[in-house]
Amino acid sequence: MQFATTTSPHVHLGNSVGRVMRRVVYALLPGLLALVWIFGPGVLVQAAIAVSTALAAEALMLTLRGKPLGRFLGDCSALVTALLLAIALPPLAPWWITVLGTGFAIIIAKHLYGGLGYNPFNPAMIGYVVLLTSFPREMSSWAAPLTLHGSTPDLATTLALVFGERSAETLDAVTSATVLDLLRTQIGLGHSVTEVRSSPVFGLLGARGWEWVNLAFLAGGLWMCRQRTAAWQIPAGMLGALAVISTLFWLVDAARFAPPWFHLFSGAAIFGAFFIATDPVSASTTPRGRLIYGAGIGVLTWVIRSVGGFPDGVAFAVLLMNIAAPTIDQYTRPRVFGARA
Amino acid sequence: MSVLNTITRLWRFHGGLHVPEHKAESNSAAIEALPLPAQLVLPLQQHIGAAARACVRVGERVHKGDALARADGYISAALHAPTSGTVVAIEPRPVAHPSGIPVLSVVLESDGRDEWGPNSLPTPIEDYLRLDPAYLRERVREAGIVGLGGAAFPTAVKLNAEGAIRVLVLNAAECEPYITCDDRLMRERAHAVIGGLLLMRRALGVKDCIIGIEDNKPEAAAALQAALEQFADDAEDVLLQQIPTLYPSGSEQQLIRVLTGVEIGRSRRPVDSGILCQNVATAAAVHDAVTEGRPLISRVVTVTGSGISTPRNLEVLIGTPLSALIEYCGGYTPRAARLIIGGPMMGLALPGDDLPITKGMNCVLVAGADDVSAPEESMPCIRCGECMNACPANLLPQQMYWHARAREFDKAQQVNLFDCIECGCCAAVCPSHLPLVQYYRFAKTEIWAAEREKKKAEQARARHEFHLYRLEREEAEKAARLQAKKSAAQQRGHEAETPAADPKQAAIAAALARAQAKKAAAKAEATAGESSNELSPEQLEKLAAARARAEAKRLAATQTAGEAANDATAALSPEQLEKLAAARARAEAKKAASAPAQANADAAPALSPEQLEKLAAARARAEAKKAASAPAQANADAAPALSPEQLEKLAAARARAEAKKAASAPAQANADAAPALTPEQLEKLAAARARAEAKKAASAPAQANADAAPALSPEQIEKLTAARVRTEAKKAAQEALAAATAAVAALDADAQEEAPTASPAAEATPAPLTEEQLARLAAARARAEAKKAAQSGKPASSDQEQ
Ligand code: SF4
Ligand code: SF4
């Protein structure tokens, strides 16, 4: 009898890229539901647009690059990129925004850099940042949360806004500025944080409504860490650093700087910490490196939020730390077994 | 105070995996003796170290237990007849090794009587625990015992560390899935295991022993405990520790860590930290060797997996064919998909079962298709770090992979490639299904090969420098003598005013002239036969004949190339040497393509560095292309200056040459022509060849002809074309073969870190390895390694250090 002679090991424990990516999708579900509950079905519409665009772009690029479609589409990585971007976009953004951003993310930020495993930057965040810098107006009008309005736009209204004419009145009726925006502009006008925080858009911990969304993402993220689908060091480093630095400044000048819980629960900090920063391809890969990488994102997020020109800093912070990841890796190699400490 | 008192807990190592254990298939099967096979094949090298030296002749009758081969050197192990019978052959036979290279083996035909000889057994010793340690070691050495856990390192050598050892660790972990031979041995022969342990302890002069056993073998642990109690006071200071089941806790380094907290890295051997590790089966073998005088002629082998009808544990004579084990266990089931020696994590997959059992084989695993991972299409690394989390050596497998794949071997070493124990944890968890371990093996062997080459080149350079120095000295001495004589003669001449000194001077002059002539002749020889431009028909004839011979010998040629280069060194400048060494390195790794390198080495003395440079660059390019087009080219270049007769013969020679594998011929032809060429000619040659190579093989002849045309008469063209038509027909048939060969050659060339001579483009961007390439490279390298090792008598590699 003739047998195949493959090299050891001869067993595989069954993990696959597809499984890793699908777990990320499962972990996103609680957050997605919370978003729908608080902001209406907009996010689902965006997700649908983003996913179809991403799959089409992925298929196109794979074909152009001569890669096997089945194997690479089955890895679900495009699906994850699309969902992450859809969640980051305003739920009522016009459809072409989503198409543009997703296409850019998949075609330019992913495939032109070499495809899965080779992209130095997080594709979803590249797509997001391109949109944010190119279309700031469309990108800053968020659907007003349920807790503020008492109702969310229904599906028909959402579809009309996403795909149809967008009149200023209808838009104004259902959107509001995000809290981080508000905070920035108000502080810019000379108000103290406490004054601003008495505005009804603020809730218990952070922005009204957002707290629930963030808690849901936190739950999904923790599950993912438990499953070891995401490296716990990155969210720990990021949220830890963000908490520490915001606490310090808040203690120094509570009138000018927002408290730590506000930083953690208002914007994209939790979502970013567990779902964006943990993208393994563009993150640091050593254990200590991941802590440092996460901490870097946390600090940069706070800096951009507090002194920078953009409402939320997570996306920029992640991209900046993507650049630093290879260097961090080089200096944080673990002590090899048997090597003297 | 006993060290054992300080051991109050177990330690952890980083990573590790819970792999499905599959022990239940075979751990209830008691050890059975396999019926005597008709023929045994005993490789002389089945251990780490030098191969044993056969001490029997073909046709000799031997008794069971008689020595067949003696240890050859300190690190080596003797071999004994597992049964009585006749030596029918001593010849190379295939063994279970990644290279698949046959190893010299004693073939023993059993006479069915299985008789011990009158002298084959030394006297049994009852009161063995009071023996002299030196005598104990001698007995172990004579018995040919090696590590039975898989590594097969000669046990006597390890036991020689007397005085340096504080703790003796008995490895009873058996952490690889499926394997149960140690488990059964401990359950059934716990007394022998403990006895062997105590013997080794005595041989080493240590007091403290720790037995490490995974907690999935409670029966074996209980049996050991009972045996310890039987030994009572003799077994004092032996600690039995059950450790958590976690692969690879049976790896020496990891086991020592778990039991003692000491980490033994690559830079230290276990003995340097005063710890020695021995396997349970080895202990039992030591016991048998001392108490019964029984040499190592059999071992327990687990035959298991869903591809085998009845999993069993068998007591098997060394040298028994695997097929006999399979047959005894009811044969293969329809599910059988992979035949593995050892466990599923580190074992070696074999193509077939016509190989003998050797001392280091603990398991024959016939895995069903769904038990093992199919060689699945892999995805790119997503840097998830799963591999890192699983690595028991605390390495960064993902980074080692990146570097190995890009052939950045120095960087791979910087991330501690050589600390990798090839346990396979990383590959088993990689979501992208990357064959990581294969990449590491590839990188390691490449680095070893490069280091060996470097050493060789350094030796050559040193030799050369000494040679130069000697020449200079001799020259100076000669001049001094001459001067002395001259002045003496002059003086005499002055005195006598006669030309009496002339004869002497004439003699000196004659001697000088002779020497000169010899030198010239030697040089002529060195460059003989190279230039087609200036060849007489006879020379051509010879050249063709020589080439035919050379091709017939491809493998032999590889070695000669090295020698030829060495011979040539005398005439070479250091730079040339440098390049020559690089060329040789490449040459040795090639198969078919080796012949041209030889030609080159021969030709080297006459080449200037620039020529060498160009030649090498041209060759690198040429080899990467389909070989078929080159011969025509070489011919065409040579043609203009040839007489019609020469052409005739050349064409005939070509026809013959083309009947051979294409890869070697063209490059050689080219190389032959090179030495007499000026740089400009070389330039042109390269340019012309580049043009020719751009076409397909089909169009090449036409162009070659066109190039050659101006100098050819119509008749010549006629003949040339006729010859071409004949050869075309042959070529067509060989096209496929040639293409395949060329592909392999190109691949090999690639693998050789062409940096110094490859074309700049190739150098700047070495294409990352695909897995297919990797597999081929690894196989080729393994073969080469094994061959070299066989020649130098050193171990090929210690694959399964478990
Ligand atoms: S487990 Fe595989 S995919 Fe993940 S980092 Fe390691 S090599 Fe890359
Ligand atoms: S094979 Fe090497 S790199 Fe992979 S887990 Fe084992 S020791 Fe680590």
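Residues numbered from 1 in each chain as written. Chains lettered and ligands numbered in written order. Predicted model: local features only at pLDDT ≥ 70, side-chain atom pairs only at ≥ 80, totals over all residues. Heavy atoms only, no water.

For chain B, the name recorded in an unreviewed UniProt entry is Ion-translocating oxidoreductase complex subunit C, with Plasticicumulans acidivorans as its organism. In its Subunit (unreviewed entry) section, the UniProt record describing chain B reads: "The complex is composed of six subunits: RnfA, RnfB, RnfC, RnfD, RnfE and RnfG." We quote the UniProt Function (unreviewed entry) comment for chain B here in full: "Part of a membrane-bound complex that couples electron transfer with translocation of ions across the membrane." (UniProt positions renumbered as here; feature names shortened; annotations may be inferred.)

With an unreviewed UniProt entry as reference, chain A is termed Ion-translocating oxidoreductase complex subunit D, source organism Plasticicumulans acidivorans. Per UniProt, chain A carries the Subunit (unreviewed entry) text "The complex is composed of six subunits: RnfA, RnfB, RnfC, RnfD, RnfE and RnfG." The Cofactor (unreviewed entry) comment attached to chain A in UniProt states, word for word, "FMN".

Peer 1: I'd love a proper account of unusual backbone geometry, names of residues and values included.
Peer 2: Between A:S8 and A:P9 the backbone carries a cis peptide bond, its omega angle lying at -5°. Positionally, A:P9 belongs in the segment before α1 (17–39). In this structure, B:P248 follows B:Y247 across a cis peptide bond, with omega equal to 0°. Backbone geometry at B:R383 places phi at a positive 60°, although glycine is not the residue there. Its place among the elements puts B:R383 in the loop between β17 (363–368) and α8 (386–390). Residue classification places B:R383 among the buried positions, given a relative accessible area of 15%. A positive phi angle, close to 60°, is found at B:R407, a residue other than glycine. (Helix = DSSP H or I, 4+ residues; strand = E, 2+ residues; numbered from the N terminus. Buried < 20%, exposed > 50% of the residue type's maximum accessible area, 1.4 Å probe, protein only.)

Peer 1: Which residues make up the nonpolar core, and what are the values?
Peer 2: Of all hydrophobic cores here, the largest spans 85 residues; its most connected members are A:Y128, A:F217, A:F275 and A:Y293. Apart from residues lying up to four places away in sequence, A:F217 is in contact with A:L28, A:G31, A:L32, A:L35, A:I87, A:I270, A:F271 and A:F275. Formed by 65 residues, the second largest nonpolar core is a distinct cluster that contains B:A77, B:I125, B:L199 and B:A221. (Core = buried A, V, L, I, M, F, W, Y, C linked by side-chain atoms within 4.5 Å. Contact = heavy atoms within 4.5 Å.)

Peer 1: Please provide a residue-by-residue account of the UniProt feature "binding site: [4Fe-4S] cluster 1" (unreviewed entry) in chain B, values included.
Peer 2: Feature annotation in UniProt assigns "binding site: [4Fe-4S] cluster 1" (unreviewed entry) to the following positions: B:C381, B:C384, B:C387 and B:C430. For the residues just named, distributed over 50 residues, the greatest C-alpha separation is only 10.5 Å, placing them together at one site. On the secondary structure map, B:C387 appears in helix α8. With a relative accessible area of 7%, B:C387 lands in the buried category. Apart from the residues lying within four places of it in its own chain, the contact partners of B:C387 are B:P397, B:Q398, B:C426, B:V429 and B:L436. Tracing the sequence through the fold places B:C430 in the loop between α11 (425–429) and α12 (436–496). Beyond its immediate sequence surroundings of up to four residues, B:C430 is in contact with A:H12, A:N15 and B:L436.

Peer 1: Before we move on, could you go through the sheet that holds strand β3 (residues 53–54) of chain B and cite the residues and values that matter?
Peer 2: Residues and elements named next belong to chain B. Pairing within the open sheet is antiparallel, and its 3 strands lie in the order β3-β5-β6. Of all the strands in the sheet, just β3 and β6 (79–80) have a single pairing partner and so form its edges. Direction of pairing for β3 relative to strand β5 (residues 67–70): antiparallel, over a ladder of 2 bridges. Looking at β5, one finds that A54 is bridged to A69. (Pairing = 2+ DSSP bridges.)

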